[in-house]
Amino acid sequence: MKRITIDPITRLEGHGKIEIFLDEEGNVANAYLQIPELRGFEQFCVGRPAEEMPRITNRICGVCPEAHHMAATKALDVLYDVEPSSAVKKLREMFYEAFYCTDHTVHFYALGGPDFVLGPDSPPAERNILGVIHKVGVDIGKQVIACRQRNHHVIKMLGGRGIHPVAGLPGGWSRAINEEERQEIEGYAKENVDFALFSLQLFADVVLANQAYVDLILSDAFTHQTYYMGTVDENNHVNFYDGMIRVVDPEGSEFVKYEAKDYAQHVAEHVEPWTFLKFPYLKEVGWKGFVDGKDSGVYCATPLSRLNASDGMATPKAQEHFEQMYETLGSKKINGRYTPVHYRLATHWARLIELLYAAERMLELASDPEITDPNVRIVVTNTPTEGIGSVEAPRGTLTHHYQTDENGILTKVNLIVGTTNNYAPIAMSVKKAAQSLITKGTVISEGLLNTIEMGFRNYDPCMSCATHSLPGQMPLEVTIRDVEGNEIERLSQYI
Amino acid sequence: MTRTLVVGLGNPILTDDGVGVKVAYEVERALASVDREDVTVTEASVGGLRLMEMMIGYDRVILVDALTGCNGNVPGKVHRMTLGDLRNISPTQHSACAHDTSLVTALELGSQMELPLPNEISIFAIEVENVIDFCEESTPAVAAAIPEVVEAVLAELGLTPLCTN
């Protein structure tokens, strides 16, 4: 079997490596995404006080510390059996929406956008945020930076620190806001709504108005029929901060809806010999391999998955765009809800709809009189035993599970991070994209390799992203190996 | 007044990845006894756009970070680099490990946006051994390099060790 290695993947968070195994004919036999995994996190945590977890776990990842902070804080609520007040929940959620505004913005403009705005065949050196700005104008770049700055300011104001927030407490939040701060945040939220609408218009103008891109979105190479997971509120609308976890089947019927604390009853992990990664799947359906369909327990947890798993969006403008997306992509409405969209590249569109929802929800919360309630702390008196907390991280459902002794010292820690949910779908997407593009005699060009990358980039995967060491040498490297795995050719592209 | 920002980069709970943060703590401690309002010391575990945004408004930035992937890696070896060097070791321009883009690209974006970014960026990079295991301690060779880097950063700030003792 010949092996092609794409290493590293440009613009992927953390360091990953795609391995494509060819058969004797030169066709794709298998394709895998290899990810170096950080070691010893549970061991690191055990023996520490549980209340440190919101501050420790937000160090795991330099990209979404806010998500870990929030999941950990919610796990502490359960661990200490304290119900946060309505004002605390609103403050936390407002903080979390500000985080979503920055995170989804940067993905579209810096990571996902370049493929569409510049095209998958454009030179790699241009296919980055600078290329996007060059194409669509400097003013848009200024808006992207301004959006990030105002939301980082809100994160710092509410979270107590700029990068690694510290405000989460069991049953509370360490930082209340006053009327002046409320007004400031309200102003930013309005700007976020405008920016999200602008971004959706840009997507319509640049992507949807270009038939070649629409064809790419609708192409079989980027389509998978799986189960979908997302957190929903009492109306089955998308919610990032709290709710029940809902899973729908590939046809769109509700498969299960459960509380985060019951995750282990519904999700199990499959192990493969070629990687130390574990592949979560739906326990009740069972693991049938890296395959599509209703009989396969593979599920997906992404922005598109959250929309697929919901009945709609809780805010009016986001709901309009939600309907527009499902109508445009040919989804049918059955029993009052749309059937799932299986086109993986539509995840970029779904992400922008979520950006709009986050902005609208932030505005609702900032306009709520209760948000300035100064009583945001609670005295914890219960003896801790076990706590499970979950939020929707931008990259998928994030679950923290802690067990402690009676003094609150951790005895067991388990995390299912957002990207982990999607390991199996990502592997499937990489294989399918590779199969459609690498056939006997096909010359491997950067455009082809990048199209394969597009297959997984829409998942916005976050792999071991806690390391930030300076890279020593990072050319795009392609290694082709013979049947025995010996290297027969190595192509390096200094792009 | 020339405003200088010293940033210790890395993850303090990932063995050697946090060496830059440890250096920053030491630099901050050394500066506590001298009157240097022009210097801000901070830590961060971010790259790309967010790091560029942190630099807005400063005239000069000193970054301290762990370095991996060198040929013939010598843990604890210290390199003083410029942005140009960073450009050379990261030739793909968008290959950085951050969520968004490389620092080089982010700075270019910032200058296109006419943001007030520093004229001078110097980087102290320490070759490291382990950035995979969760641990608060650095490996011995890397830990041993910390005083040298602290001294080098202080020298860059125009302070000799005598001034801070």
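Residues numbered from 1 in each chain as written. Chains lettered and ligands numbered in written order. Predicted model: local features only at pLDDT ≥ 70, side-chain atom pairs only at ≥ 80, totals over all residues. Heavy atoms only, no water.

Peer 1: So, the overall build of chain A: which residues are in play, and what are the values?
Peer 2: Each helix and strand in chain A was counted, giving 15 helices and 18 strands. Each of the 495 residues in chain A was classed as buried or not, and the buried ones make up 65%. The contacts in chain A between residues at least 6 apart in sequence include a share of 67% that link residues at least 24 apart. Looking at chain A as shown, the accessible area adds up to about 17200 Å², and 48% of this sits on carbon and sulfur atoms. (Helix = DSSP H or I, 4+ residues; strand = E, 2+ residues; numbered from the N terminus. Buried < 20%, exposed > 50% of the residue type's maximum accessible area, 1.4 Å probe, protein only. Contact = heavy atoms within 4.5 Å. Areas by Shrake-Rupley, 256 points an atom, 1.4 Å probe, with all protein chains shown as cover.)

Peer 1: Outline the sheet that holds strand β11 (residues 299-300) of chain A, listing residues and values.
Peer 2: Residue and element names in this part refer to chain A. A sheet is described by the order of its strands in space; here 4 strands give the open sequence β8-β7-β6-β11, paired in mixed fashion. Looking at strand neighbours, the two that pair on one side only are β8 (254-258) and β11, the edges of this open sheet. Both strand β6 (residues 227-232) and strand β7 (residues 244-248) contribute to a ladder of 5 bridges, which runs antiparallel. Bridge pairing in β7 places Tyr 228 opposite Val 248. (Pairing = 2+ DSSP bridges.)

Peer 1: Explain helix α8 (residues 211-218) of chain A to me, and be specific about the residues and the numbers.
Peer 2: Among the residues of α8(A), those classed as buried are A:Tyr213, A:Val214, A:Leu216 and A:Ile217. All buried residues of α8(A) project into a common sector of 155° when viewed along the axis, lining one side. (Arc of directions from axis to C-beta.)

Peer 1: Hey, could you go over the sheet that holds strand β14 (residues 386-393) of chain A for me, with residue numbers and the actual values?
Peer 2: Residue and element names in this part refer to chain A. Strand order in the open sheet formed by 3 strands is β14-β15-β16, with antiparallel pairing between adjacent strands. Taken across any chain shown, the strands that pair with only one partner, and hence form the sheet edges, are β14 and β16 (410-416). Averaged over all adjacent pairs, the angle separating strand axes in this sheet is 10°, with direction ignored. Relative to strand β15 (residues 396-404), β14 is paired through 8 bridges, and the arrangement is antiparallel. Considered in β15, the bridge of Ile 388 is made with His 401. Set on the sheet, helix α3 (residues 65-79) makes contact with β14 and β15; between it and β14 the angle comes to about 150°. (Axes fitted to C-alpha atoms, helices over the stretch in contact; angles between N-to-C directions.)

Peer 1: I'd like a rundown of the packing of helix α4 (residues 86-118) of chain A against helix α7 (residues 179-208) of chain A, residues and numbers included.
Peer 2: Residues and elements named next belong to chain A. It is the contact of α4 with α7, at a shortest axis distance of 12 Å, that shows an interaxial angle of 25°. It follows that α4 is roughly parallel to α7 by the angle criterion. For α4 against α7, the interelement crossing comes out left-handed. Facing Met 94, Cys 101, Thr 105, Phe 108, Tyr 109, Phe 116 and Val 117 of α4, the residues of α7 in contact are Ile 185, Asn 192, Phe 195, Phe 198, Ser 199, Leu 202, Phe 203, Val 206 and Val 207. Classifying every residue of the contact of α4 with α7 gives 13 nonpolar, 3 polar and no charged. (Parallel < 35°, antiparallel > 145°, perpendicular 65-115°, else oblique. Left-handed = near helix turned anticlockwise from the far one by under 90°. Nonpolar A, V, L, I, M, F, W, Y, C, P; charged D, E, K, R; others polar.)

Peer 1: Any chance you could break down the pattern of salt bridges for me, citing the residues and the numbers?
Peer 2: Two side chains bearing opposite charge may form a pair once their charged atoms approach each other closely. Residue and element names in this part refer to chain A. According to the stated counting rule, one finds 29 salt bridges over all chains in the structure shown. A salt bridge links Glu 93 to Arg 361, with the shortest nitrogen-to-oxygen separation between them at 2.8 Å. Separated by 268 residues along the polypeptide, Glu 93 in helix α4 and Arg 361 in helix α12 (residues 347-366) bring together distant segments of the chain. Accessibility expressed as a relative area gives 6% for Glu 93, which makes it buried. Several salt bridges share partner residues, and in doing so they unite Arg 246, Glu 254, Asp 311 and Arg 337 into one network. (Salt bridge = Lys/Arg side-chain N within 4 Å of Asp/Glu carboxyl O.)

Peer 1: Outline the environment of A:Ile452, listing residues and values.
Peer 2: Residues and elements named next belong to chain A. Structurally, Ile 452 is set in helix α15 (residues 446-457). Separated by 15 residues in sequence, Ile 452 and Leu 437 have C-alpha atoms that sit 8.1 Å apart. With sequence-adjacent residues up to four places away left out, Ile 452 is seen in contact with Ile 18, Ile 20, Val 430, Ala 433, Ala 434, Leu 437 and Ile 438.

Peer 1: An account of unusual backbone geometry is needed here, citing residue identities and associated values.
Peer 2: You will see that A:Asp81, though not glycine, has its phi angle at about 50°, which is positive. Take A:Asp81: it is sitting in the loop between α3 and α4. Classification of A:Asp81 as exposed rests on a relative accessible area of 58%. At B:Glu114, a position not held by glycine, the phi torsion is positive, near 60°. Relative to the elements of secondary structure, B:Glu114 occurs in the loop between α4 (103-112) and β5 (120-127). Among the residues examined, B:Glu114 registers a relative accessible area of 65% and is labelled exposed.

Peer 1: I'd like a description of the pairing of β7(A), backed by residues and values.
Peer 2: All names here are of chain A. Of all 5 residues making up β7, 4 are buried, and the element is well covered by its neighbours. Pairing of β7 with β8, which is carried by 4 bridges, proceeds in the antiparallel orientation. Across the sheet, Arg 246 pairs through a bridge with Lys 257, a residue of β8. Between β7 and the antiparallel strand that follows it, β8, lie 5 residues; Gly 252 among them carries a positive phi value of about 105°.

Peer 1: Tell me about the confidence of the model for chain B, and please be specific about residues and values.
Peer 2: All names here are of chain B. Residue-level pLDDT values for chain B average 84, and 87% of them are 70 or greater. Confidence, read as mean pLDDT per element, is least for helix α6 (residues 161-164) in chain B (53) and greatest for helix α5 (residues 140-156) (96). Taken together, the stretch residues 90-99 has pLDDT below 50 and engages in 40 contacts with residues farther than four places along the chain or on a different chain. Interface confidence in the predicted complex, given as ipTM, is 0.82; pTM for the same model is 0.90. (pLDDT = per-residue confidence, 0-100.)

Peer 1: With reference to specific residues and values, describe the packing of aromatic side chains.
Peer 2: Residue and element names in this part refer to chain A. Taken as a whole and judged by the stated rule, the model has 24 aromatic pairs over all chains. Ring geometry for Tyr 109 and Phe 195: centres 5.7 Å apart, planes at 35°, overall tilted. Here Tyr 109 is found in helix α4, whereas its partner Phe 195 is found in helix α7, with 86 residues between them in sequence. Take Tyr 109 and Phe 195: they sit in the same class, and that class is buried. Taking 5.8 Å as the distance between ring centres and 80° as the angle between the ring planes, the aromatic pair formed by Phe 116 and Tyr 213 counts as edge-to-face. Highlighted residues: Phe 116 in helix α4 and Tyr 213 in helix α8, separated in sequence by 97 residues. You can call Phe 116 buried: its relative accessible area is 0%. A relative accessible area of 10% means that Tyr 213 is categorised as buried. Taken together, the ring pairs in this structure connect Phe 108, Tyr 109, Phe 116, Phe 195, Phe 198, Phe 203, Tyr 213 and Trp 349 into an aromatic cluster. The cationic tip of Arg 48 hangs over the ring face of Phe 44; the distance from NZ or CZ to the ring centre is 4.0 Å. (Phe/Tyr/Trp six-rings, centres within 6.5 Å; stacked < 30°, edge-to-face > 60°. Lys NZ or Arg CZ within 6 Å of the ring centre and 35° of its normal.)

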